[in-house]
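Secondary and tertiary structure notes
One-letter residues, chain by chain:
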Amino acid sequence: MKFLSMGKVVLRSLFGKPSTYGYPFTPREYPDTLRGAIGIDIDACIFCGLCARKCPTDAIEVNRQEKSWTIKRMQCVYCSYCVDTCMKNCLWTEHTHVVPDTVKQVDTYKQEPPEAEEEAAEEQLETPASTEASLGQTDSESAGQAETPEPQEGEPADA
Ligand code: SF4
Ligand code: SF4
């Protein structure tokens, strides 16, 4: 009987589905509940710094003046405290881990000013020149209008 049960195990091992993955040749399939690398919607961030204060490994740095958010990827332990803390819901866990590397990966995300603000700033810079131009035009035009027209031949001088 022992021989038969051992034979079953041998056959299952030989022809059954392997219990291991052929990583790295076969990509790993992660479960839906995986807490992976931290992602951020930098445009929604208000740089309050709560996530950085909550992080147990000091993996996050927030710079309010420069409007930047930095994460030291190799320092993150995927606890997800930062995600739970963010009141703007701009952090989440990706469905993948950070790829192992020999260099410590540090990612910085910077908030750019909105296009409308940029355009307004550009307009402000252009305003003095355009104002001068328009003023110049107005002066010459008004000067031209102020000139009394020469009386034409055959026309009375005072009309
Ligand atoms: S808690 Fe959220 S809003 Fe505050 S700095 Fe972190 S990512 Fe930005
Ligand atoms: S998941 Fe945890 S360790 Fe990683 S950055 Fe967020 S708070 Fe820090």
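The following paragraphs examine the structure supplied in this document. Sequence order as written defines the numbering, with residues in each chain counted from 1. Each chain gets a letter, beginning with A, and each ligand a number, beginning with 1, in the order they are written. Restriction of local features to residues with pLDDT of at least 70 applies here, the model being predicted, together with a cutoff of 80 or more for giving and counting side-chain atom pairs; totals for whole chains, interfaces and linings are based on all residues.

Things to note about the overall build of the protein chain
Secondary structure elements follow DSSP: runs of H or I no shorter than four residues count as helices, runs of E no shorter than two count as strands, and numbering proceeds from the N terminus. Secondary structure assignment for the protein chain yields 4 helices and 5 strands. Listing every helix and strand of the protein chain by position from the N terminus yields α-β-α-β-β-α-β-β-α.

Some points on the site of ligand 1
Here is the check we use: build the C-beta atom from the backbone, and if it is within 6 Å of the molecule or strand, call the residue near. In the vicinity of ligand 1 there are 14 residues, among which Cys45, Cys48, Leu50, Cys51 and Cys86 approach most closely. Within the shell around ligand 1, the residues separate by chemical class into 11 nonpolar, 2 polar and 1 charged. Throughout, the ten residues Ala, Val, Leu, Ile, Met, Phe, Trp, Tyr, Cys and Pro are labelled nonpolar, Asp, Glu, Lys and Arg are labelled charged, and all others, Gly among them, are labelled polar.

Brief notes about the nonpolar core
Ranked by size, the top nonpolar core spans 10 residues in total: Ile38, Cys51, Cys55, Ala59, Ile60, Ile71, Cys76, Cys82, Cys86 and Leu91. If sequence neighbours within four positions are ignored, alanine 59 has contacts with Ile71, Lys72, Gln75 and Cys76. Remark: nonpolar core denotes a set of buried Ala, Val, Leu, Ile, Met, Phe, Trp, Tyr and Cys residues whose joining runs through C-beta atoms within 7 Å. Here exposure depends only on C-beta density: within 10 Å of a residue's C-beta, 20 or more other C-beta atoms make it buried, 12 or fewer make it exposed, and intermediate numbers make it partly exposed, the C-beta atoms being placed from the backbone. Residues are treated as contacting if the C-beta atoms built from their backbones sit within 7 Å of each other.

Points about the site of ligand 2
Cys55, Cys76, Cys79, Tyr81 and Cys82 are the nearest of the 15 residues found near ligand 2. Counted by class, the shell around ligand 2 contains 12 nonpolar, 2 polar and 1 charged residues.

Comments concerning the sheet that holds strand 2 (residues 60–63)
At least two bridges found by DSSP between two strands are what make those strands a pair. An order of 2-3-5 is seen for the 3 strands of this open sheet, with the pairing classed as antiparallel. Taken across any chain shown, the strands that pair with only one partner, and hence form the sheet edges, are strand 2 and strand 5 (106–110). Between one strand axis and the next, the sheet turns through 15° on average, direction left out of account. Of the strand pairs in this sheet, strand 2 and strand 3 (residues 68–72) are connected by 4 bridges, and their pairing is antiparallel. The residue of strand 3 that forms the bridge with asparagine 63 is serine 68. Axes here refer to lines fitted to C-alpha atoms; in helices the fit is confined to the stretch in contact. Angles between the N-to-C directions go from 0 to 180 degrees.

Let's talk about helix 1 (residues 2–15)
Helix span is expected to be 1.5 Å times the residue number reduced by one. Compared with the 20 Å implied by 1.5 Å per residue over 14 residues, the 20 Å span of helix 1 between its first and last C-alpha is a close match. Counting buried positions along helix 1 gives 0 out of 14 residues, so the element sits mostly on the surface.

Some words on unusual backbone geometry
The residue after tyrosine 23, namely proline 24, is reached through a cis peptide bond having omega 10°. Within the secondary structure layout, proline 24 lies in the loop between helix 1 and strand 1 (38–40). For aspartate 58, which is not glycine, the phi torsion reads 55° and is therefore positive. For aspartate 58, the location among the structural elements is in the loop between helix 2 (50–54) and strand 2.

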